[in-house]
Amino acid sequence: MPRRRPRRRPEPTRPLVGGHQHVEEWSDGDWVVRQITGATSSKPYRCPGCDQLIPPATPHVVAWPMDPTSFTGDGLDERRHWHAACWRARDRRRRK
C-alpha cells in the first residue's frame, strides 16, 4: 500500500490567507493540504470521501493538487474540503 509522506518544499504561492499548509505525496500526485480549525470554518461543505456534510465550525482538511489538472486557474478551483479521517483513508476508498 502506498504511504503518504510529507515532503519539504517551498510553500506554494496561493492566494489563500491564514492557516498552515504543507505538501503531501500520494499515489495520485502531490497535494497541498491545509488544516482548518473549527473557528475558521463558517459554512458547510460536502466531503468527497464520504459524501456527508461537514457542518460549520468543524475542523477539517482542505486539499488541492500541487499541479492543477484544469486548464483554467491555478488549481484553486480543484480545492476540496474533507473530513480529516476521510482524507487519511482516501487511498483505501478510491474507486477503480
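The structure under discussion appears in the preceding block.
Quick summary incoming for the structure in this document. Keep in mind that this is a model prediction, so the values were computed, not measured. (Residues numbered from 1 in each chain as written. Predicted model: local features only at pLDDT ≥ 70, side-chain atom pairs only at ≥ 80, totals over all residues. Heavy atoms only, no water.)

## Quick word on unusual backbone geometry
One non-glycine residue, D51, lies in positive phi territory at about 65°. Relative to the helices and strands, D51 resides in the loop between β4 (45–46) and β5 (53–54). With a relative accessible area of 49%, D51 lands in the partly exposed category. Of note, A57 is a non-glycine position whose phi angle comes to about 65°, a positive value. With respect to the secondary-structure elements, A57 resides in the loop between β5 and β6 (60–65). (Helix = DSSP H or I, 4+ residues; strand = E, 2+ residues; numbered from the N terminus. Buried < 20%, exposed > 50% of the residue type's maximum accessible area, 1.4 Å probe, protein only.)

## Some remarks on the packing of aromatic side chains
Under the definition given, this model contains three aromatic pairs. On the numbers, 5.3 Å between centres and 65° between planes, the contact of W26 with W87 is edge-to-face. With W26 in strand β2 (residues 21–26) and W87 in helix α1 (residues 84–88), the pair connects residues that are 61 residues apart, well separated along the chain. Centroid distance W82 to W87: 5.3 Å. Interplanar angle 70°. Geometry classified as edge-to-face. For W87, a relative accessible area of 2% gives the class buried. Members of the aromatic cluster, joined through ring pairs, are W26, W31, W82 and W87. A cation sits over an aromatic face here: R90 above W26, 5.0 Å from the ring centre. The ring centre of W31 lies 4.7 Å from the NZ or CZ of R90, which sits over that ring. (Phe/Tyr/Trp six-rings, centres within 6.5 Å; stacked < 30°, edge-to-face > 60°. Lys NZ or Arg CZ within 6 Å of the ring centre and 35° of its normal.)

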